[in-house]
Amino acid sequence: MTTPTAKTRRLQQADQAHVWHPFTPMRLWLDTPPLVIERGEGFCLIDTEGRRYIDGVSSLWCNVHGHRVAELDAALREQLDRIAHTTLLGLAGPPSIELAGRLVKAASPGGGLTRVFYSDAGATAVEIAAKIAYQYWQNLGQARRTRFIAFREGYHGDTIGSVSLGGIDTFHRVYRPLLFETIFVASPCPHVHPAGDGAAAAVLAEVDAALAAHAGEVCAVTVEPLVQGAGGILTHPAGFLRDLRELTRRRDVLLIADEVATGFGRTGRMFACHHEAVEPDLMCLAKGITGGYLPLAATLATEAIFEAFLAPDKTFYHGHTYTGNALACAVAIASLERFQRERIIERMGPKIERIASFLGGIASCPNVLRTRQCGMMVGIDLALPDGEPFDPAARTGAAVCTRAREHGILIRPLGDTLVLMPAPAMDDATLAALLEGVGRTIEEHFRG
Ligand SMILES: *Cc1c(COP(=O)(O)O)cnc(C)c1O
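Computed from a prediction, not measured in an experiment: that's the story for all the values here. (Residues numbered from 1 in each chain as written. Predicted model: local features only at pLDDT ≥ 70, side-chain atom pairs only at ≥ 80, totals over all residues. Heavy atoms only, no water.)

### Some details on the nonpolar core
Grouped together as the largest cluster of nonpolar side chains are 92 residues, with contacts concentrated most on L99, L103, L244, F264 and I380. A domain-level breakdown of this core finds at least three residues from each of domain 1 (35-64 + 345-447) and domain 2 (74-341). With sequence-adjacent residues up to four places away left out, I380 is seen in contact with F358, L359, I362, V368, R370, T371, D416, T417, L418 and L420. Listed in part, the 27 residues of the second largest apolar core include V126, L254, A308 and F309. (Core = buried A, V, L, I, M, F, W, Y, C linked by side-chain atoms within 4.5 Å. Buried < 20%, exposed > 50% of the residue type's maximum accessible area, 1.4 Å probe, protein only. Domains from an automatic or database assignment. Contact = heavy atoms within 4.5 Å.)

### Considering the site of the ligand
With respect to spatial proximity, the complete set of residues near the ligand consists of W61, A121, G122, A123, Y155, H156, G157, E224, D258, V260, A261 and K287. In the model, a nitrogen atom of the ligand is placed 3.5 Å from a nitrogen or oxygen of the Y155 main chain. A distance of 2.7 Å is found between an oxygen atom of the ligand and a side-chain nitrogen or oxygen belonging to K287. Across the complex, the protein chains shield 82% of the 380 Å² of accessible surface that the ligand would expose by itself. Its residues assigned to classes, the shell around the ligand comprises six nonpolar, three polar and three charged. (Near = heavy atom within 4 Å. Polar contact = N/O pair within 3.5 Å; in protein donor to acceptor, adjacent residues only side chain to side chain. Areas by Shrake-Rupley, 256 points an atom, 1.4 Å probe, with all protein chains shown as cover. Nonpolar A, V, L, I, M, F, W, Y, C, P; charged D, E, K, R; others polar.)

### Description of the sheet that holds strand β4 (residues 113-119)
Taking strand neighbours across the sheet as the criterion, the seven strands line up as β4-β12-β11-β10-β7-β5-β6 in an open arrangement whose pairing is mixed. One side of each edge strand has no neighbouring strand; the edge strands of this open sheet are β4 and β6 (183-185). When strand polarity is set aside, the average angle formed by the axes of neighbouring strands in this sheet is 20 degrees. The pairing of β4 with strand β12 (residues 297-302) spans six bridges and is classified as antiparallel. Residue F117 lies in a different strand from β12, and its bridge partner there is T299. Sitting on the sheet, helix α5 (residues 94-107) is in contact with β4, β11 (282-285) and β12, with an inclination near 130 degrees to β4. (Pairing = 2+ DSSP bridges. Helix = DSSP H or I, 4+ residues; strand = E, 2+ residues; numbered from the N terminus. Axes fitted to C-alpha atoms, helices over the stretch in contact; angles between N-to-C directions.)

### Examining the packing of helix α14 (residues 396-404) against helix α15 (residues 428-447)
In contact at an axis separation of 9 Å, α14 and α15 are set at 120 degrees when each is read in the N-to-C sense. In terms of orientation, α14 lies oblique with respect to α15. Seen from above, α14 lies across α15 with right-handed handedness. Together, T396, A399, V400, R403 and A404 of α14 and T441, E444, H445 and F446 of α15 make up the contact between the two elements. Grouping the constituent residues of the contact of α14 with α15 by class yields four nonpolar, three polar and two charged. (Parallel < 35°, antiparallel > 145°, perpendicular 65-115°, else oblique. Left-handed = near helix turned anticlockwise from the far one by under 90°.)

From the geometry alone we can't say anything about function, so treat these as descriptive.
Below you can see the structure in the form of structure tokens.
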């Protein structure tokens with residue numbers, strides 16, 4: 001490592017003096033001068049020393065088309081020449097109007113989702129879905145319906161309501177006394193469920209039993225469709241989502257699909273629900289909605305839900321100052337247009353294949369326990385050669401990711417699961433370089 005420039009050192013020190021980083025054990029953070037990313041270009045990030053890195057996790061799962069994409073930049077500049085922000089409380093605005101129509105069309109081919117409630121983070125999109133689901137039943141006079149069913153190892157964001165629906169002990173345990181009481185069922189990922197390949201049937205039976213035991217008390221079931229992201233890229237068996245939809249319909253409870261991570265191409269379709277032709281009652285969108293440019297989120301709802309809020313005394317009293325921000329909506333429209341013009345989804349097949357064959361190749365590494373993939377969402381479980389987990393204190397996953405930087409790759413683990421989340425539009429050469437670098441990093445790290 002060369003000595004950093006004075007500018008880099010000043011920024012590193014100022015960061016460590018004042019910035020409290022998300023999801024970060026800060027004692028460890030303060031031990032090492034941070035990497036300071038200053039610019040981006042396509043699918044690369046560039047630090048203050050001018051070093052380039054492939055953005056292997058899409059800047060935490062949100063980037064879609066790359067960085068500094070000319071037409072997205074232009075859409076922002078054009079909107080900036082009109083206005084940056086006006087409120088949606090009592091007023092309307094062109095970007096939020098145009099985007100809402102396009103979102104329901106993109107998300108709901110069956111036309112079931114018709115209404116868009118904006119906010120600014122995945123957590124708020126879920127918080128809003130939960131409050132709408134709860135109040136929906138209150139508005140219909142079913143006051144006893146106050147409970148939610150959610151999945152263990154699930155993640156829905158970090159506000160209190162979203163944490164209440166979250167099932168990741170490391171993140172959520174300390175807050176339990178603060179939270180509303182959710183009914184948790186097992187994750188149907190065969191790698192974490194004791195029933196293995198029988199996981200889907202076992203979990204559906206568990207959901208059904210919970211709905212029977214709490215008849216008339218459940219407002220909604222919350223699910224990350226197809227993949228539980230933050231839980232460790234836990235992929236669900238094919239058909240599980242479709243069967244869950246059928247079950248919730250039969251038992252007359254709402255289904256909330258949290259597509260915050262899976263939406264906008266990440267799974268190989270525009271939305272994960274589309275793989276199984278599922279129309280949820282509420283759908284949560286964020287991360288990729290603006291192509292990864294600006295914070296924006298949306299909670300989509302059916303007309304039936306919307307109608308339960310029409311009477312003045314049934315109003316949904318919820319909103320955020322920046323709800324439907326004009327700049328964010330303008331770039332989200334440009335992102336959706338780019339999806340169509342560049343045929344992003346249609347062109348993902350070979351890239352998904354390339355990732356699959358890479359994973360097949362590294363399966364023989366002694367320290368690769370197993371891998372999971374859904375489209376561009378990848379988890380690589382690392383373990384000792386005998387399959388036993390590493391000592392968590394060794395932070396093996398983090399160490400491998402730090403080593404990847406020497407190969408010009410930025411990735412971030414979930415415990416000892418390496419996560420790859422290339423942008424849906426990543427070009428083939430960059431994707432090949434990313435995979436090659438990750439393979440070499442793993443090989444090198446465990447060669448000892
Ligand atoms: C990231 C994520 C969230 C939270 O989104 P934020 O924008 O970070 O609040 C919610 N649900 C899922 C499935 C996520 O992956």
